[in-house]
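# Architecture and fold: a report
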Amino acid sequence: MSASSCLLTEDQFLCSICLDVFTDPVTIPCGHNFCKTCITEHWNVNVPYQCPNCNKLFYTRPELRVNTFISEMAAQFRQSAQQKASSSSSSEQQAAKPGEVPCDVCTGTKLKALKSCLVCLVSYCETHLEPHLTLSGLTRHQLIDPVENLEGRMCTEHHKLLELFCKTDQMCVCMLCTVLDHKNHDVVPLKEEYEGKKAELGKTEAEIHQMIQKRELKIQEIKHSVELSEEDADREIADGVQVFTALKESVERSQTELIDTIKEKQRKTEKQAEGFIKELEQEISELKKRSTEVEQLSRSEDHLHLLQSFRTLNTAPPTKNWTGVRVSPPSYEGTVRRALNQLEETLSEQMKKLLTEVELKRVQQSAVDVTLDPDTAHPKLILSDDGKQVEHGDVKKNLPDNPERFDTCPNVLSKQSFSSGIFYYEVQVKGKTDWDLGVARESINRKGHIPLSPQKGYWTIWLRNEIEYSGCADSPVRLSLKSQPQKVGVFVDYEKGLVSFYDVDAAALIYSFTGCCFTEKLYPFFSPCNNNKGKNSAPLIISPVNHTE
């Protein structure tokens, strides 16, 4: 037998279905051999019954019996192959490292264990494992990957293998336990419970992984919030520095003006005093000169000369009466107070302007892209192809009178609507004498004459006759503006019920509707008004937002 087996090749002992050495080989009527399990499963799936090799058809399912001769030959070939593999790899085995399970049989240097036997309760290296792979009495032993403390896998009471699981008491038990301490309990094979618990662990692992992902996303969200907060803080600091620098410069400017005012008063006083002193010194010079002449005349022995000169020299030269002349120090009382009052007024006005600039910069961050909706435009309105400009024409176009369209007033809405949050857009009104701008709710009346007011669903401002600005409240509010806006910004905070209008170039607030209650979609609203025989022909232009610096 051994001589003949040496001439056999591996291919002769391979099942053509599983491509492995035969296990319980059977021969079917056509003469081909297969593992019993392989051909059985093949025929369970494939009907009618055919040979996988030659495709011979069998009308009834052949009875399968193990071919003992081929089975013994296959077992011998498997044993020979395992012995060769064992001898060829024994020289490559390594000593067990710390943390690895050592072979219990090795003496001297302990080699790394390849398997542990649950029957022998011993761990074996590749060399000492060979009997368990070749000897028929040992091949039935249950081998597992090497583990330490094999005694822990034995029942301490009955010294039998823990191969069952008591679901009632949630513990591992041996066969004797099931008929003694765990009788009538719900007991299942260890592998079955293992599979169940493994499935639970898989589910738990998935849940934990999901929890980790959620927390990682939360970390990203928090980090993003911190980044946004940092950006807001930097922006707020920059705005604060700008405001306080401007206020500081105003204070310094007022201080300089106060000092200059006081010094100017002092200079006028000094100049007046210098004039008086100069005049007095000149009179003193004249008087000293007369005094010298008088003294000389009084010493004269010439009777005629003294008498002739006496009338002229005896009288004092013409001088000013200085009795009522005073140099009064200027009054500085109230100067500082007046300067502070002026500073307060200036700072108040400047603070208002600076805060509006900061506010405008902030609302510009919520800019949205707005385009005009031709389905809502009055038939006389002319819209640009890109939906960014609208002007009033003289010719009424023949358009469908759909419910969305304005039929009397030259109005148009945007395609975009907003039902929450904040939004902002800008419109160029340069060159126009009349216009209306704002937002309108979805349910507004679009037919006939339309009064613009919040009660009717419109929050707008308008220009009339080139100089008359009004906020279209339930009772129109006349607006007094320092300059004519060339570009108007419209800002809406839906939740706060706020609609504000800004002069973009002047960074000034024009008007605000506050305390509004929005319950519907809001649409940006535009009206270029009638062109007034060409005087108001300039278009309204929805402009890109250039953030104020």
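Heads up: the structure comes first, above all this text.
Residues numbered from 1 in each chain as written. Predicted model: local features only at pLDDT ≥ 70, side-chain atom pairs only at ≥ 80, totals over all residues. Heavy atoms only, no water.

## Here we look at the packing of aromatic side chains
As enumerated under the stated definition, the model contains 12 aromatic pairs in all. Measuring from ring centre to ring centre gives 5.4 Å for Tyr-494 and Phe-518, while their planes differ by 45 degrees; the resulting arrangement is tilted. Of the two residues, Tyr-494 is situated in the loop between strand E19 (487–493) and strand E20 (498–503) and Phe-518 in the loop between strand E21 (508–513) and strand E22 (522–527); the sequence distance between them amounts to 24 residues. Members of the aromatic cluster, connected to one another through ring pairs, are Trp-43, Tyr-49 and Phe-58. Geometry around Trp-322 places Lys-320 over its ring, the cationic atom sitting 4.7 Å from the centre. Above the plane of the ring of Trp-462 lies Arg-464, whose end atom (NZ or CZ) is 4.2 Å from the centre. (Phe/Tyr/Trp six-rings, centres within 6.5 Å; stacked < 30°, edge-to-face > 60°. Helix = DSSP H or I, 4+ residues; strand = E, 2+ residues; numbered from the N terminus. Lys NZ or Arg CZ within 6 Å of the ring centre and 35° of its normal.)

## Thoughts on the environment of Glu-466
Tracing the sequence through the fold places Glu-466 in the loop between strand E16 (458–464) and strand E17 (468–471). According to the relative accessible area criterion, Glu-466 is partly exposed, its value standing at 42%. Considering only alpha carbons, one finds Glu-466 and Gln-484, 18 residues apart in sequence, at a separation of 8.8 Å. In contact with Glu-466, other than residues within four places in its own chain, are Thr-433 and Gln-484. (Buried < 20%, exposed > 50% of the residue type's maximum accessible area, 1.4 Å probe, protein only. Contact = heavy atoms within 4.5 Å.)

## Some remarks on the sheet that holds strand E8 (residues 164–166)
Strand order in the open sheet formed by 3 strands is E9-E8-E10, with antiparallel pairing between adjacent strands. Looking at the sheet topology across the chains shown, the edges are occupied by strand E9 (171–173) and strand E10 (187–189). The average angle at which neighbouring strand axes cross in this sheet is 35 degrees, direction not considered. Packing of helix H6 (residues 190–298) onto the sheet brings it into contact with E8, E9 and E10, and relative to E10 it is tilted by some 90 degrees. (Pairing = 2+ DSSP bridges. Axes fitted to C-alpha atoms, helices over the stretch in contact; angles between N-to-C directions.)

## A few points about the sheet that holds strand E7 (residues 143–144)
Read across the open sheet, the 3 strands follow the order E6-E5-E7; overall the sheet is antiparallel. At either margin of the open sheet sits one strand with a lone partner, and together these are strand E6 (122–124) and E7. With 3 bridges connecting them, strand E5 (residues 115–117) and E6 associate as antiparallel partners. In the strand pairing of E6, Ser-116 is matched with Ser-123. This element, helix H4 (residues 126–134), spans E5, E6 and E7 of the sheet and lies at about 110 degrees to E6.

## Here we look at the packing of H6 against helix H8 (residues 335–364)
Viewed as axis vectors pointing N to C, H6 and H8 meet at an angle of 160 degrees, and their least axial separation amounts to 10 Å. Viewed along their axes, H6 and H8 adopt a mutual orientation that is roughly antiparallel. Here H6 runs over H8; the crossing is right-handed. Its residues assigned to classes, the contact of H6 with H8 shows 13 nonpolar, 5 polar and 7 charged. (Parallel < 35°, antiparallel > 145°, perpendicular 65-115°, else oblique. Left-handed = near helix turned anticlockwise from the far one by under 90°. Nonpolar A, V, L, I, M, F, W, Y, C, P; charged D, E, K, R; others polar.)

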